[in-house]
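Listed below are the residues making up each chain.
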Amino acid sequence: MDRVEKPNVAPVLAPGHSVGSITDKIASVILQKTPRWWYFGFGIAFLLFMLLQLALFVLFVKGVGVWGINIPVGWGFAIINFVWWIGIGHAGTLISAILLLLRQDWRTSINRFAEAMTIFAVACAGLFPLIHVGRPWLAYWLFPYPNTMGLWPQFRSPLMWDVFAVSTYATISLLFWYLGLIPDLATMRDRAKSKVAKIIYGVFAMGWRGSVKHWHEHEVASLLLAGLATPLVLSVHSVVSFDFSIGIIPGWHTTIFPPYFVAGAIFAGFAMVITLAVPLRKLFGMYDLITERHLDNMGKIMLATGLIVAYGYAMEAFTAWYSGNIYEWFMVYNRATGPYRWHWYALFLCNIAAVQLLWIKKVRLNPIYLWIIAMFVNVGMWLERFIIVVTSLHRDFLPSSWGYYKGTIWDWATYIGSIGLFLFLFFLFVRFVPMIAIFEVKTLLPEAKGRSGNE
Amino acid sequence: MDYLKVPEEVKGIKKYALAAAAGGFLVMGALYFFLPGTVFFASYLVGYLFWLTIALGILGWLTLHHMTGGGWGIMVRRISEAAVYTIPFLAVFIIPVLFGIHHLYHWSEAEAVAHDPILAHKAPYLNVPFFILRTVFYFAVWIFLVFRLLKLSLEQDKTGDAVIYNKLYRVSAPGFLLLFLTATFASFDWLMSLDPHWFSSIYGVWFASGAALSGMSFLALWAIILYSREPLSEYKRLVYFHDYGKLMFAFVMFWAYISFSQFLIIWSGNLPEEIIFYIPRIRGKWLPLSVFLLIGHFVLPFLLLLSARIKKDFGKLSKIAIWLLFMHWIDIFWNVFPSLKIGESYSILFAILANVAVTVMVGGVFFYFFISRLEKMPLLPVKEPFLREALESE
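Residues numbered from 1 in each chain as written. Chains lettered and ligands numbered in written order. Predicted model: local features only at pLDDT ≥ 70, side-chain atom pairs only at ≥ 80, totals over all residues. Heavy atoms only, no water.

### Some details on the overall build of chain A
Along its length, chain A carries 15 helices and zero strands. Relative to the 2.2 N^0.38 estimate, which gives 23 Å for 455 residues, the radius of gyration of chain A is 23 Å and therefore close to what a compact globule would have. Overall, chain A is about 70 × 65 × 40 Å in size when its C-alpha atoms are taken along their principal axes. Out of the 455 residues in chain A, the part that is buried amounts to 56%. Taking the intrachain contacts of chain A between residues at least 6 apart in sequence as the baseline, contacts between residues at least 24 apart amount to 81%. Accessible area for chain A stands at about 19700 Å²; split by element, carbon and sulfur atoms hold 70% of it. Between the centroid of the 34 positive side chains of chain A and the centroid of its 22 negative side chains there is a distance of 8 Å. (Helix = DSSP H or I, 4+ residues; strand = E, 2+ residues; numbered from the N terminus. Rg over C-alpha atoms; globule rule 2.2 N^0.38 Å. Buried < 20%, exposed > 50% of the residue type's maximum accessible area, 1.4 Å probe, protein only. Contact = heavy atoms within 4.5 Å. Areas by Shrake-Rupley, 256 points an atom, 1.4 Å probe, with all protein chains shown as cover. Lys, Arg positive; Asp, Glu negative; His and termini not counted. Charge placed at Lys NZ, Arg CZ, Asp CG, Glu CD.)

Laid out in structure tokens, this is it:
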């Protein structure tokens with residue numbers, strides 16, 4: 001074949017690594033003395049987690065009246081936060097399942113902590129419907145189980161489907177994460193210095209010896225779980241979107257909702273992955289493992305999904321006009337000019353305008369800019385759910401029943417507290433578990449090429 | 001690389017393609033006098049959009065490939081380029097649809113708009129001059145994109161310059177975006193407005209999902225045809241055929257997901273202005289076709305494509321690809337005919353014949369230019385920087 005010029009593509013793994021140096025690098029994060037910043041960060045996260053517990057205590061004692069919800073806005077922060085958190089989880093599943101099936105090797109150095117992020121985000125998400133039911137001690141009524149009262153949940157309600165969608169999602173995500181962890185937990189067992197740590201890692205490593213049989217079954221199980229998790233990336237958030245679109249409230253009832261929610265979820269999830277990856281890369285000096293290529297690719301995915309979200313907004317607004325339905329059109333008009341217009345403008349700034357900077361390669365390769373844009377998206381996606389939930393409810397068909405909603409101090413305490421819970425779990429995770437998949441990163445080494453096919 | 005030429009028996013298709021185009025044209029011309037205008041033009045729209053959506057779907061895959069890279073795209077790049085090359089020629093064949101506006105689109109009649117406040121509301125968008133202007137605009141965008149990509153690809157063949165790789169990437173990113181937007185509005189104009197009261201914000205995504213699936217089926221089919229013959233047979237790599245099968249499988253599910261989402265939301269909301277789309281389709285004479293669509297476009301291909309063995313089997317995968325192309329035709333038909341108000345006073349046989357004739361006619365044109373283009377370039381992008389890596393796989 002003739003000589004052809006190769007375009008420059010940044011490597012996924014910086015050159016100069018060997019099998020041993022990768023293990024050293026990742027395992028040293030856990031084996032070294034706890035850095036001072038960790039105590040500091042963990043302390044703040046723990047305080048916020050305490051705030052969540054306080055907010056829940058007040059809620060359980062006094063009831064949902066401490067929140068801002070009332071008629072006409074009966075769904076407030078709890079649903080907004082639920083959708084926000086569950087959306088964040090999606091990037092982890094996309095990275096670990098879909099990118100695995102698509103043979104995208106760059107995913108290997110970010111999938112572990114992205115999956116951890118998924119699980120912690122789903123834990124935070126799952127909290128909100130439970131505390132929103134009013135009598136959380138009866139939350140098990142959500143499950144269809146034969147009971148003496150002859151009482152069944154409404155199977156035609158998307159809220160019921162949510163119970164199945166989210167619990168399936170949590171189960172598969174947890175299994176997938178744990179399965180991937182096993183070989184690395186065995187590495188930690190072998191490397192840990194204290195007896196207690198050896199025993200604990202040993203128990204969780206479930207007797208992993210690294211035999212060919214182990215590896216073979218591990219790989220088969222990974223592919224099977226990836227296959228199972230792939231439809232979940234689409235289905236979970238589609239079911240969440242049905243919570244809204246199955247009803248006939250203008251602003252909720254539109255057919256674009258399922259794919260648009262899914263894209264929004266991946267968008268929000270990648271923003272959160274970047275939010276976590278950029279500081280981790282700096283604090284642990286992981287520049288060789290989380291390279292410019294990762295920043296570039298994550299920036300691109302955020303841009304692509306952000307554009308799909310913008311497409312969703314455009315379709316929603318266009319059909320609202322095109323339908324000729326005055327209530328649909330009023331909803332759009334009210335969003336742009338009503339009492340929540342500043343939320344709406346801020347949403348455009350965060351989710352559409354800010355993201356366009358990612359067209360520029362320099363911006364994608366600069367961790368600081370990328371992190372700032374990701375923070376805009378984190379805020380923007382929360383605002384998006386606020387706009388969807390609140391603006392559609394607060395002014396309905398009859399002007400006499402219009403109202404105004406805002407979160408109370410307990411709404412905010414619960415929301416900020418849930419971020420505390422998330423960070424609390426995440427700080428524990430980076431301290432005690434290898435945050436990058438050691439054995440998977442090794443497949444990126446030149447000597448592993450040609451041997452690692454997942455067929 | 002003179003030896004990477006189209007096999008003779010494939011070249012022979014051109015003659016048949018011309019004959020099919022001419023024959024289809026004659027039958028179509030004769031049927032014009034025997035069928036009501038609505039039936040005639042609706043048949044035309046179905047057959048025409050069937051081929052156009054395949055070409056557009058492939059344009060989507062081609063731009064996506066230039067953005068993401070990957071061996072699957074390199075191996076079918078020439079097939080993709082030949083398929084999108086038909087778009088400028090297919091553009092001419094939209095003209096009969098424009099002549100049929102008054103037969104197809106209720107909103108185009110001043111009389112109807114005057115008595116219908118909803119249509120009057122939509123008139124700033126749904127009016128004849130703007131409709132034609134938009135159609136011209138969509139084609140202008142697509143043709144520009146096609147010429148740009150083909151020109152760069154030819155240059156790459158000559159010089160092998162790495163800059164071209166980046167240029168293709170840079171054209172494809174905004175190109176894909178524009179393609180998606182224009183295709184969305186094209187689907188609103190040409191299909192959704194057949195029932196001018198009805199609306200669905202997911203419709204553009206449905207259109208894209210069908211185009212992507214049929215485009216991938218076409219690519220898989222032609223990859224099988226060319227890679228099982230000289231001279232490409234020595235470059236056959238099974239892993240990519242597995243990939244095409246996987247992509248078809250993914251889009252069989254995606255199409256079903258989008259179609260079902262639209263159905264579930266509209267059915268459960270049951271609002272009069274939305275449910276009008278489904279009433280003729282789930283009640284009465286179109287119900288069997290709806291069931292057939294569900295089984296043929298989703299259930300059957302889903303079950304078959306689950307198997308990795310079938311995805312790697314040339315004979316079986318090509319049969320599934322042909323079946324999916326047929327179901328894509330049914331899907332468009334299903335979106336056109338039940339939306340129209342057609343009396344009973346016409347011959348069903350002639351209507352079926354019209355549908356077949358126009359599909360054959362436009363298909364003839366499509367294949368003539370498709371094969372012509374295939375002949376012009378080596379069957380592999382010989383100076384693509386990652387061709388060597390692509391061929392290293394099993």
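Structure shown, so let's carry the discussion forward.
### Looking at the pattern of salt bridges
All names here are of chain B. Overall, the coordinates contain 20 salt bridges over all chains when judged by the stated rule. Here Arg134 and Asp189 are joined by a salt bridge, their closest N and O atoms 2.6 Å apart. Taken as a pair, Arg134 in helix α11 (residues 128-159) and Asp189 in helix α12 (residues 162-190) lie far apart in primary sequence, 55 residues in all. Accessibility classification places Arg134 together with Asp189 in one group, the buried group. Each of Arg77, Arg78, Glu81, Asp157 and Glu384 takes part in one network of salt bridges that share partners. (Salt bridge = Lys/Arg side-chain N within 4 Å of Asp/Glu carboxyl O.)

### Some words on empty space enclosed by the protein
Per the counting criterion, the structure on display carries three cavities of 30 Å³ or more. The computed volume of the largest cavity comes to approximately 90 Å³. Taken together, His253(A), Thr254(A), Thr255(A), Glu316(A), Thr319(A), Ala320(A), Ser323(A), Glu328(A), Phe199(B), Ser200(B), Ser201(B) and Glu274(B) make up the lining of the largest cavity. (1 Å grid on protein atoms, 1.4 Å probe; cavity = no way out; pocket = protein on both sides within 12 Å on 5 of 7 lines; lining within 4 Å. Points joined across faces, edges and corners; volume = space filled by probe spheres on them.)

### Considering the nonpolar core
Among the nonpolar cores identified, the biggest contains 296 residues, and Trp142(B), Trp190(B), Trp222(B) and Phe370(B) are the most heavily contacted of them. At 19 residues, the largest contribution of residues to this core is made by helix α3 (residues 37-68) of chain B. If near-sequence neighbours (up to four positions away) are discounted, Phe370(B) is found in contact with Ile79(B), Ala82(B), Ala83(B), Thr86(B), Phe218(B) and Trp222(B). Counting residues in hydrophobic clusters, the runner-up holds six residues, among them Ala165(A), Phe242(A), Leu264(B) and Ile265(B). (Core = buried A, V, L, I, M, F, W, Y, C linked by side-chain atoms within 4.5 Å.)

### Side note on the packing of aromatic side chains
Describing an aromatic ring pair means giving the distance of the ring centres and the angle of the ring planes. Residue and element names in this part refer to chain B. The full count for this structure, using the stated rule, is 109 aromatic pairs over all chains. A centroid spacing of 5.9 Å and a plane angle of 65° characterise the contact between Trp286 and Phe333, whose relative ring orientation is edge-to-face. Here the residue Trp286 occupies a position in the loop between α16 (279-282) and α17 (287-305), and Phe333 occupies one in helix α19 (residues 314-336), the gap between them amounting to 47 residues. Judged on exposure class, the residue Trp286 and its partner Phe333 are both buried. A ring pair is formed by Phe298 and Phe302, whose centres lie 5.2 Å apart and whose planes are at 35°; its orientation type is tilted. Placement of both Phe298 and Phe302 in helix α17 is noted, with a separation of four residues, approximately one turn of the helix. Of the residues examined, Phe298 reaches a relative accessible area of 22% and is grouped as partly exposed. (Phe/Tyr/Trp six-rings, centres within 6.5 Å; stacked < 30°, edge-to-face > 60°.)

### Some thoughts on the side chain of Glu384(A)
The residue Glu384(A) is located in helix α13 (residues 367-394) in this model. Beyond its immediate sequence surroundings of up to four residues, Glu384(A) is in contact with Tyr260(A), Val309(A), Tyr313(A), Leu347(A) and Asn351(A).

### What to know about the layout of surface pockets
Residue and element names in this part refer to chain A. In this structure, the second largest pocket occupies an estimated 700 Å³ of space. Around the second largest pocket, the lining is made up of 25 residues, and of these Thr275, Leu276, Met375, Ile419 and Leu423 lie nearest the centre. The leading source of residues in the lining of the second largest pocket is helix α14 (residues 409-432), at eight residues. Split by residue class, the lining of the second largest pocket holds 22 nonpolar, three polar and no charged. (Nonpolar A, V, L, I, M, F, W, Y, C, P; charged D, E, K, R; others polar.)

### Concerning the packing of helix α14 (residues 238-269) of chain B against α19(B)
All names here are of chain B. Where α14 contacts α19, the axes come no closer than 12 Å and their chain directions differ by 30°. Judged on the interaxial angle alone, α19 and α14 are roughly parallel. At the point where α14 passes α19, the crossing takes the left-handed sense. Two secondary-structure elements touch here, α14 through Leu238, Phe241, Gly245, Met248, Val252 and Trp255 and α19 through Phe314, Leu317, Ile320, Ala321, Leu324 and Asp331. (Axes fitted to C-alpha atoms, helices over the stretch in contact; angles between N-to-C directions. Parallel < 35°, antiparallel > 145°, perpendicular 65-115°, else oblique. Left-handed = near helix turned anticlockwise from the far one by under 90°.)

### Let's talk about the interface of chain B and chain A
Between chain B and chain A, the residue contacts involve 57 residues of the former and 36 residues of the latter. In this assembly, chain B packs against chain A so that about 4000 Å² is buried in total across both faces, 69% of it on carbon and sulfur atoms. Put simply, chain B and chain A have 13 residue pairs in polar contact (both at pLDDT 80 or more) between them. Sorting the residues of the side of chain B that touches chain A by element identifies α10 (117-122), α12, α13 (203-227), α14, α15 (272-275) and α21 (387-392) of chain B as the ones contributing at least two each. For the side of chain B that touches chain A, the class distribution of residues is 33 nonpolar, 13 polar and eleven charged. (Buried area = accessible area lost by both parts, 1.4 Å probe. Polar contact = N/O pair within 3.5 Å; in protein donor to acceptor, adjacent residues only side chain to side chain.)

### Things to note about the confidence of the model for chain B
In this model, chain B carries an average pLDDT of 93, and 99% of its residues clear a pLDDT of 70 or more. The spread of mean pLDDT over the elements of chain B runs between α21(B), the lowest at 85, and helix α6 (residues 87-92) of chain B, the highest at 97. (pLDDT = per-residue confidence, 0-100.)

### Description of unusual backbone geometry
With an omega dihedral of 10°, the bond running from Ile71(A) to Pro72(A) counts as a cis peptide bond. Mapped onto the secondary structure, Pro72(A) falls in the loop between α2 (36-62) and α3 (77-101). Cis rather than trans, the peptide bond between Glu230(B) and Pro231(B) has omega equal to -5°. By the secondary structure assignment, Pro231(B) is in the loop between α13 and α14.

### Digging into a nonpolar patch on the surface
Residues Trp267(B), Ile282(B), Leu287(B), Val291(B), Leu294(B), Ile295(B), Val299(B), Leu300(B), Leu303(B), Leu304(B) and Leu306(B) make up a contiguous nonpolar surface patch of about 920 Å² in total accessible area. Here the element with the most residues in the nonpolar patch is α17(B); it accounts for eight residues. (Patch = residues over 30% accessible without salt bridge, like charges linked within 9 Å, V, L, I, M, F, W, Y side chains within 5 Å.)

### Looking at helix α4 (residues 111-132) of chain A
Side chains three or four residues apart in an α-helix point the same way, a direct result of the helix having 3.6 residues per turn. Residue and element names in this part refer to chain A. An ideal rise of 1.5 Å per residue puts 32 Å on 22 residues; α4 measures up with 32 Å between its terminal C-alpha atoms. Burial runs high along α4: 18 of the 22 residues are buried. Positive backbone phi, approximately 90°, marks Gly134, located one or two places after α4. (Expected span 1.5 Å × (residues − 1).)

### Regarding the environment of Val239(A)
Residue and element names in this part refer to chain A. Inspection of the secondary structure puts Val239 in helix α7 (residues 212-245). Val239 sits in the buried class, given a relative accessible area of 14%. Along the chain, Val239 and Pro258 lie 19 residues apart, while their C-alpha atoms are 7.5 Å from each other.

### Some points on the packing of α17(B) against α19(B)
All names here are of chain B. Contact geometry of α17 with α19 gives a least axis separation of 10 Å together with a crossing angle of 155°. Judged by the inter-axis angle, α17 sits roughly antiparallel to α19. Crossing handedness for the pair α17 and α19: left-handed. Together, Leu289, Ser290, Phe292, Leu293, Gly296, His297, Leu300, Pro301, Leu304 and Leu305 of α17 and Leu317, Ile320, Trp323, Leu324, Phe326, Met327, His328, Ile330, Asp331, Phe333 and Trp334 of α19 make up the contact between the two elements. Here the residues of the contact of α17 with α19 sort into 16 nonpolar, four polar and one charged.

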